[in-house]
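Chain by chain, the residues run as shown.
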Amino acid sequence: MNRVALITHQACLAHDAGPGHPECPDRLRVVLAALEHPDFTSLLREQAPLATEAQLCLAHPAAYVQAILALAPEAGELLALDSDTHVGPGSVAAARHAAGGAIAAVDAVMEGWAETAFVAVRPPGHHAEARQAMGFCLFNSVAIAAHHARARWGLTRIAVVDFDVHHGNGTQHMFADDPDLFYASSHQMPCYPGTGAAHETGVAGNIVNLPLDPGAGSVAFRAVWERQGLPALRAFAPELLIVSAGFDAHRADPLAQLRLETADFGWITDELMAACGGRMISVLEGGYDLAALAASAGLHVRRLIAGDLPGKRGLNA
Ligand SMILES: [Zn+2]
């Protein structure tokens, strides 16, 4: 059994993108409720700190960070950064805690008090570009965490694996020119945001895109990871794997048309743990059917607790 940190913050519930918006506070509520089950009493529960301005600037230009931090809508007001990225009074703080949670997860595994971590936060981050909020995302939490792992802990080779149904355009663009950063994503294509074709391979084969046709299910999903994604991850041999854990490829999800079963999220979790080299953290991205999200995230965390991390004894002993 692994010591697993659960990192979250109440402030992430105070981000309200407006009535009927799929990226709603209940998403996080149902995930946290699922993790109240007695099976999860071993989780090491920690508060996600507020990311500092300097930490946000690890992945975004200062001018962009300052512009987002200066957004101060009044109660009841929503600022639309694009057609579906809305900022209310609690949104900027929520996004700062989301990034801070991903940073805290890196610190947890590097300090060694946890073997792995799940960061239960919102808004998601993988669509956020260096200079542009989009797709519900303000700050790219996983990219910030990757750069933090370098700046604070001296790691060089860091991988992000993204099984959200949408391509993580922001993460890919931030990583593509750096051969010591790796990004692999399975996603529906065509689908929002439109990037993520198989021929987008980065500067050194460090970008691996695994597009799936609408309607694809477990067999196609497992096949692309077994044939391409996991071997590429193993070949890259990361010092740290950060998972962009979106659960919207579930067959019940209303935002896309992949047909994964809940069990597929357990399978990919086990496979990533086996391929990560020993250090892995996971950060919540999408997932918009509340019941499927709760079940899938719950299974993901169950596998984080029960799964095998290679070299575990050697790493933190
Ligand atoms: Zn998504």
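For the structure itself, consult the block above.
Residues numbered from 1 in each chain as written. Predicted model: local features only at pLDDT ≥ 70, side-chain atom pairs only at ≥ 80, totals over all residues. Heavy atoms only, no water.

Enquirer: What exactly am I supposed to notice about the coordination of the zinc ion here?
Expert: For a metal with four tetrahedral donors the ideal donor-metal-donor angle is 109.5 degrees, whereas six octahedral donors ideally subtend 90 or 180 degrees. Donor atoms from the polypeptide that bind the zinc ion are Asp-164 (OD), Asp-164 (OD), His-166 (ND1) and Asp-248 (OD), placed at 2.0 to 2.7 Å. Around the zinc ion sit four donor atoms; with metal-centred angles ranging over 53 to 153°, the donor geometry is irregular. Donor residues for the zinc ion, ordered by position in the chain, follow D-x1-H-x81-D. Of this pair, His-166 sits in the loop between β6 (158-162) and α6 (169-175) while Asp-248 sits in the loop between β9 (240-245) and α8 (262-275), placing them 82 residues apart in sequence. Residue classification places His-166 among the buried residues on the basis of a relative accessible area of 8%. (Donors = N, O, S within 2.8 Å, 3.2 Å for Na, K, Ca; no water. Tetrahedral: all angles 85-135°; square planar, octahedral: opposite > 155°, others 65-115°. Helix = DSSP H or I, 4+ residues; strand = E, 2+ residues; numbered from the N terminus. Buried < 20%, exposed > 50% of the residue type's maximum accessible area, 1.4 Å probe, protein only.)

Enquirer: Any chance you could explain the pattern of salt bridges here in plain terms?
Expert: Think of it this way: side chains of opposite charge can pair up when their charged atoms draw near. Applying the stated criterion across every chain yields a total of 13 salt bridges. Two residues, Glu-115 and Arg-3, come together in a salt bridge whose shortest N-O distance is 2.8 Å. Of this pair, Glu-115 sits in the loop between α4 (91-111) and β5 (116-120) while Arg-3 sits in the segment before β1 (4-8), placing them 112 residues apart in sequence. Between Arg-152 and Asp-107 there is a salt bridge, and its shortest N-O distance comes to 3.1 Å. Here Arg-152 is found in helix α5 (residues 141-153), whereas its partner Asp-107 is found in helix α4, with 45 residues between them in sequence. When its relative accessible area of 46% is taken as the criterion, Arg-152 is described as partly exposed. Judged by relative accessible area, Asp-107 falls into the buried class, the value being 12%. One network of salt bridges, in which partners are shared, links Glu-23, Arg-27 and Arg-122. (Salt bridge = Lys/Arg side-chain N within 4 Å of Asp/Glu carboxyl O.)

Enquirer: What is the right way to read the packing of aromatic side chains from this model?
Expert: Remark: the centre distance and the inter-plane angle together describe each pair of aromatic rings, the angle taken between the planes. Following the criterion strictly, the structure yields seven aromatic pairs and no others. Between Tyr-64 and Phe-139, the ring centres sit 6.3 Å apart and the planes meet at 85°, which makes this aromatic pair edge-to-face. With Tyr-64 in helix α3 (residues 62-69) and Phe-139 in the loop between β5 and α5, the pair connects residues that are 75 residues apart, well separated along the chain. For the pair Tyr-64 and Phe-139, a shared accessibility class is recorded, and that class is buried. Centroid distance Phe-221 to Trp-267: 6.2 Å. Interplanar angle 70°. Geometry classified as edge-to-face. Linking Phe-221 in helix α7 (residues 218-236) with Trp-267 in helix α8, this pair joins segments that are 46 residues apart in sequence. Residues Phe-221 and Trp-267 agree in their burial class; the two are buried. (Phe/Tyr/Trp six-rings, centres within 6.5 Å; stacked < 30°, edge-to-face > 60°.)

Enquirer: Is there a simple way to explain empty space enclosed by the protein in this structure?
Expert: Unoccupied space between atoms shows up once a probe the size of one water molecule is rolled over them. By the definition in use, this model includes one cavity of 30 Å³ or more. By volume, the largest cavity amounts to about 50 Å³. If you go around the largest cavity, the residues you meet are His-15, Ala-17, His-21, Glu-23, Asp-84, Thr-85, His-86, Val-87, Phe-136 and Leu-138. Of the residues assigned to the lining of the largest cavity, the class counts are four nonpolar, four polar and two charged. (1 Å grid on protein atoms, 1.4 Å probe; cavity = no way out; pocket = protein on both sides within 12 Å on 5 of 7 lines; lining within 4 Å. Points joined across faces, edges and corners; volume = space filled by probe spheres on them. Nonpolar A, V, L, I, M, F, W, Y, C, P; charged D, E, K, R; others polar.)

Enquirer: Please clarify how the packing of helix α1 (residues 25-34) against helix α9 (residues 290-306) should be interpreted in this entry.
Expert: A packed helix pair is summarised by two numbers, namely the angle formed by the two axes and the spacing between the axes. Two numbers describe how α1 lies on α9: the axes approach to 9 Å, and their chain directions differ by 40°. Here α9 runs oblique to α1, going by the angle between their axes. For α1 against α9, the interelement crossing comes out right-handed. Counting all contacts with α1, which are made through Asp-26, Arg-27, Val-30, Val-31 and Ala-34, the residues of α9 involved are Leu-290, Leu-293, Ala-294 and Ala-297. Across the contact of α1 with α9, the residue classes tally to seven nonpolar, no polar and two charged. (Axes fitted to C-alpha atoms, helices over the stretch in contact; angles between N-to-C directions. Parallel < 35°, antiparallel > 145°, perpendicular 65-115°, else oblique. Left-handed = near helix turned anticlockwise from the far one by under 90°. Contact = heavy atoms within 4.5 Å.)

Enquirer: I keep staring at the side chain of Asp-164 and nothing clicks. Help me out?
Expert: For Asp-164, the position within the fold is in the loop between β6 and α6. Buried and unpaired, Asp-164 has Arg-27 as its nearest opposite-charge partner, separated by 6.7 Å. Among the polar contacts made by the side chain of Asp-164, one reaches the main-chain amide nitrogen of Gly-286 at a distance of 2.8 Å. When near neighbours in sequence (up to four residues on either side) are disregarded, Asp-164 contacts His-126, Ser-186, His-187, Ser-244, Gly-246, Asp-248, Glu-285 and Gly-286. (Lys, Arg positive; Asp, Glu negative; His and termini not counted. Polar contact = N/O pair within 3.5 Å; in protein donor to acceptor, adjacent residues only side chain to side chain.)

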